[in-house]
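Structural overview for review
The lines below spell out each chain.
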Amino acid sequence: MRRRIIAFAAALTSVFLLTSCGGIKITELNERLIIEAVGVDFSEDGGYTVTVQALNSASPAGNEQSDGNTELTENLVFKGNSVGEALNGISVHTGKTPLFSQARVLIIGFDTAKKNISKALDFFLREYTTRTDILVAVSEGSATEMLNASFGENVIGASVIENALNSGESTGNTVGLPLYKFVNLLLDNKSGAYCPVIGTQKEELSENFRIKIIGTALFSENKLNGVIDSNETCGLLYLIDRVSSADIPIEADGGVFTLRVVDSRTKIKPPENGGSTFLIRINTECDIVEFESADFSKLTKEAVEKVRIACEEHIKKRAGRAITSAYYESDCDVCRFARRMWLSDPERYRAAANEDGSFSEKFAVEIDVGVKIRRTGKETLYEE
Amino acid sequence: MKGKISVFQFFAIVFVCRITEFFTYIAPRESTVLPTDRVFVVIFFLVFCVLALIPSVTVANRFGKISVPALAKSSSDTLGKITACIYIAAFIWSAAESVSRFELFISTVMFPDTDINMITALLLLAAAFAAAKGTESVGRSSVTVCAVLAFSFIFIILTSVSEFDAVNFSPMLYNGIGDTLRDGFSSASRTWEVLFFATMLPHVNGSATKSAAAWLTVFSAVTLIGFFVIDGVTGQYGDRQMFKLYTLTVLAKLGILERFDDVLIGIWVLCELIKSSFCMLAASKSFEDGFGKKAPKYFYLTASGAVFAVFTAAARSVGQFTEIAGSVPAKTAFYICALLVPSAAATASTLSKRKAVTDLA
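Let me begin by describing the structure that accompanies this report. (Residues numbered from 1 in each chain as written. Chains lettered and ligands numbered in written order. Predicted model: local features only at pLDDT ≥ 70, side-chain atom pairs only at ≥ 80, totals over all residues.)

A few words on the overall build of chain B. Assigned secondary structure in chain B consists of 14 helices and four strands. For 361 residues, the compact-globule estimate of 2.2 N^0.38 gives 21 Å, and the C-alpha radius of gyration of chain B, at 21 Å, lies within 12% of that figure. Expressed as a percentage of its 361 residues, the buried residues of chain B come to 50%. Excluding contacts between residues fewer than 6 apart, the proportion of contacts in chain B whose partners are at least 24 apart in sequence is 85%. (Helix = DSSP H or I, 4+ residues; strand = E, 2+ residues; numbered from the N terminus. Rg over C-alpha atoms; globule rule 2.2 N^0.38 Å. Buried ≥ 20, exposed ≤ 12 C-beta atoms within 10 Å, placed from the backbone. Contact = placed C-beta atoms within 7 Å.)

What follows is the structure, encoded as structure tokens:
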């Protein structure tokens, strides 16, 4: 009985003494600055300008501004000699501790990416609360401009940017890339890194902006070395096997066809027997979802076959343009050819590699595309 | 049988204890092992662990499931006491090393700005309480934790596979075999769970060889799969992260289900609790076998205090911890406990029996 009383007393004491309010430093939610997006630019004076888009915690529905607008988020811009120092400035200003675990996107200014992106990213690799899968993008102008753009009332800008970046695989126009994949490519001296370039465009009927997908930024030795447009980005997505759905307009006999990719697989075969040509095989399956003819004419087997061949040419052309711009012109090994060579023929790689383990030699590339038309919509084929 | 656990429960305990180390795995500082070569690291780890296990399992098979301290005591009281003291120190170090690693994990990814000595102290107190409840209680809890662990691990692996990229791997043994061998040796020399086979087998119903084989095979397979997926998914990014498996758990998601890291942290705390409590339990059994009397009333509390003291000294910084845990004295101490002590106890026992027979003749 005595033991039980002691145990009960000990348990009761712990309820009052171990409430996590004393010695253990716990930051309450209202003391947190919940960050939705971060933008990093190099300042002209050599330091960093960090823009933070944070949830406005003034009231549950947002902060009532003097002009009557309700803002869900607030943008804070600070400068410092390092990203950490700039963020400390934000803490001092708001009196809150930044929480990065909710951040959706990390925007790097275009000029910053051109100088050295590693410097701008290092803080986010080490910071304890940063998410590994936060999306990374380069902005057309400065990151501050990008994050300060208004996308409408009661709209979280970071969410709009995140949705645009995530749409890539289904629309085939942008390479949404999480931080860990981007850094993996940057760290690997046998691969080229890439990430989306986005900008803003003013809407015609309002003061708001919308997201504009510019294309893809290509990096070589941690510096932005070139940008490919959205058409070439589509080709790039085929090359890196990241297309899950995309609409392909094809002009052929009788009108414009729209083909929707339902499945696409890419295989990259390294050179054999001492050769130097990589073979890229793209196998795509499409549905014909629209046939813009003048008189509702039915599709014939021959027409479908012509469209199929035209589609193969279309994909091959886009992938070819992407590889030319990225690999040959911007020196960005997006298909990781050097690494594939390292894997398939290590001794040959060792013999030809530079001292730091990188690879300068350029390979020839052959692209082979196979398109299969799965369905032609609800309509039957016309038999002649 | 009262006070005894089944082979499966023993397997669950040792597996849970070891898997905690894998969860909070920190690559050796000097390691330059490439992703694919981790397969060989695991193979070498397996070989060194088998070597380290041979003396303890041989003692159990040859001398009829007797613990090493009891075997040493059968030849000399002093030898029994010395052996017990060596094992008690080893178990306290093992628990402290594990808690230190866990503290580094917690203070790196959960509460970076917080001194978590209080949490650690409470964890050790709870472990002392669990140890006081006996082998069977720890055995039963381990089976439950093992099941939850298996489910979570499979889930994380399956949900991460979609992000797998085989190009993240490397050619086999591109940098030679030296580093791979050293990493395998280094990992095996931190496998203090081997000592459970030297002290706890008398409390297990079933074959010592089978339990050792099952433990090593399953643990190696899980480690292999774990590393394979981590390297395939995270590539060089994961290579730079202090806690690789945690990085993978952050990425695992299925539909609206995501952030499994928080769930897993809870399970890891349970694993840590089981490891600490079983270390204390093994230390108390070593005391009883080596000294030939029941462990003092406050043995577990004293043991948890000792673990806390060693932890406080060892886990001040990541650098200090990895240097101490991977130091030559620590490795030497492990192989002395795993190889030399059981062999010496067996030799002493055989010699004393021979002497007794000769004296009788």
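Having seen the structure, we can now continue with the description.
Turning to the pairing of strand S7 (residues 105-108) of chain A, a few remarks are in order. Along any regular strand, the residues point their side chains to alternate faces of the sheet. Residue and element names in this part refer to chain A. Where burial is concerned, the two faces of S7 agree: the one with Val105 and Ile107 and the one with Leu106 and Ile108 are both buried. Looking at chain direction, strand S1 (residues 32-42) and S7 are connected through four bridges and run parallel. Residue pairing for S7: Ala37 is matched across the bridge by Val105. With four bridges joining them, S7 and strand S8 (residues 135-139) adopt parallel strand pairing. The partner of Val105 across the bridge, within S8, is Leu135. (Pairing = 2+ DSSP bridges.)

Residue and element names in this part refer to chain A. Spatially, S13-S14-S15-S16 is the arrangement adopted by the four strands of the open sheet, whose pairing is mixed. The open sheet has two edge strands, strand S13 (247-252) and strand S16 (364-375), and neither has a second partner. With strand direction ignored, the average angle separating the axes of adjacent strands in the sheet is 35°. The sheet contact formed by strand S14 (residues 255-269) and strand S15 (residues 277-292) spans 13 bridges and is antiparallel. Its bridge partner lying in S15, Leu259 is registered against Ile288. Against the sheet, helix H10 (residues 301-329) makes contact with S13, S14, S15 and S16, and its axis sits at roughly 145° relative to S16, the strand it touches most. (Axes fitted to C-alpha atoms, helices over the stretch in contact; angles between N-to-C directions.)

Attention now goes to the interface of chain B and chain A. Interfaces are often sized by the accessible area lost when the parts come together. Residue-level contacts link 17 residues of chain B with 18 residues of chain A. Secondary-structure elements contributing two or more residues to the side of chain B that touches chain A are helix H4 (77-110), helix H9 (208-240) and helix H10 (244-251) of chain B. A per-class count over the side of chain B that touches chain A returns 10 nonpolar, six polar and one charged. (Nonpolar A, V, L, I, M, F, W, Y, C, P; charged D, E, K, R; others polar.)

A separate point is the pairing of S8(A). Residue and element names in this part refer to chain A. In terms of burial, S8 is largely enclosed, as five of its five residues are buried. As paired elements, S8 and strand S9 (residues 177-178) share two bridges and run antiparallel to each other. The partner of Leu135 across the bridge, within S9, is Pro178.

Residues and elements named next belong to chain A. One can find Ser82 in the loop between strand S5 (73-80) and helix H2 (83-94). Using a count of 14 C-beta atoms within 10 Å as the deciding quantity, one classes Ser82 as partly exposed. Between the C-alpha atoms of Ser82 and Leu55, which are 27 residues apart in sequence, the distance is 23 Å.

This part takes up unusual backbone geometry. In this structure, A:Asn222 takes a positive phi of about 70° despite not being glycine. Residue position: A:Asn222 is located in the loop between strand S11 (209-220) and strand S12 (223-229).

Turning next to the environment of A:Lys190. Residue placement: A:Lys190 occurs in the loop between helix H8 (179-187) and strand S10 (193-202). Residues within four places of A:Lys190 in sequence aside, it is in contact with A:Arg336, A:Ala338, A:Arg339, A:Trp342, A:Ser358 and A:Phe359.

Shape descriptors only; they carry no functional weight alone.
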